[in-house]
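Now for the letters of each chain:
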Amino acid sequence: MAKPVLMDFFAVWCGPCKLQTPELEKLKEMMGDAVEIKKIDVDDNHDLAQKYGIMVVPTLIIEKDGVVKERLEGVTPADSLRRMLEPLTE
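Read on for an overview of the structure. (Residues numbered from 1 in each chain as written. Predicted model: local features only at pLDDT ≥ 70, side-chain atom pairs only at ≥ 80, totals over all residues. Heavy atoms only, no water.)

Each helix and strand in the protein chain was counted, giving three helices and four strands. Overall, the protein chain shows an N-to-C arrangement of helices and strands of β-α-β-α-β-β-α. Whereas a compact globule of 90 residues would reach a radius of gyration of roughly 12 Å, the protein chain reaches 12 Å, a difference of no more than 12%. Counting across all 90 residues of the protein chain, residues that qualify as buried make up 40%. Within the protein chain, residue pairs in contact and separated by at least 24 positions form 66% of the contacts whose partners lie at least 6 positions apart. As displayed, the protein chain has an accessible area near 5200 Å², and 53% of this comes from carbon and sulfur atoms. (Helix = DSSP H or I, 4+ residues; strand = E, 2+ residues; numbered from the N terminus. Rg over C-alpha atoms; globule rule 2.2 N^0.38 Å. Buried < 20%, exposed > 50% of the residue type's maximum accessible area, 1.4 Å probe, protein only. Contact = heavy atoms within 4.5 Å. Areas by Shrake-Rupley, 256 points an atom, 1.4 Å probe, with all protein chains shown as cover.)

Structure below.
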């Protein structure tokens, strides 16, 4: 079974996106390799942003086995993300 993937849809010009980055770094420290974190710049990845219907940045999408499990808009704390991701790693 594949590990969960957290996709961070962001833009370099986005202030809240800059606040999300340290939370993702904390999450990586907490969970290590149990989760894959991908940062996706919406300005460089229009097709992917369109595929997932991204209208707001930051938007976080958690996928497991190709199925979207969670979709979060705005800055989300590392602890909240950990609580959502841990059940998907079992």
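Relative to strand E2 (residues 36-41), strand E1 (residues 5-10) is paired through six bridges, and the arrangement is parallel. Along E2, the bridge assignment pairs Val5 with Glu36. What joins E1 to E2 is helix H1 (residues 15-31), and the crossover it makes is right-handed. (Pairing = 2+ DSSP bridges. Right-handed = clockwise from strand over helix to strand, strands pointing away.)

The next point concerns the sheet that holds strand E4 (residues 67-73). The four strands are arranged E2-E1-E3-E4 in an open sheet whose pairing can be described as mixed. The open sheet has two edge strands, E2 and E4, and neither has a second partner. For this sheet the average axis-to-axis angle between neighbouring strands, irrespective of direction, equals 20 degrees. Of the strand pairs in this sheet, strand E3 (residues 59-64) and E4 are connected by six bridges, and their pairing is antiparallel. Paired with Ile61 across the strands is Arg71, a residue of E4. (Axes fitted to C-alpha atoms, helices over the stretch in contact; angles between N-to-C directions.)

Attention shifts here to the packing of aromatic side chains. With the rule as written, the count across this model stands at one aromatic pair. On the basis of an interplanar angle of 50 degrees and a centroid distance of 5.6 Å, the ring pair of Phe9 and Tyr52 is categorised as tilted. Of this pair, Phe9 sits in strand E1 while Tyr52 sits in the loop between helix H2 (46-51) and E3, and the two are 43 residues apart along the sequence. When its relative accessible area of 0% is taken as the criterion, Phe9 is described as buried. Taking NZ or CZ as reference, Lys39 lies 4.5 Å from the ring centre of Phe10, over its face. (Phe/Tyr/Trp six-rings, centres within 6.5 Å; stacked < 30°, edge-to-face > 60°. Lys NZ or Arg CZ within 6 Å of the ring centre and 35° of its normal.)

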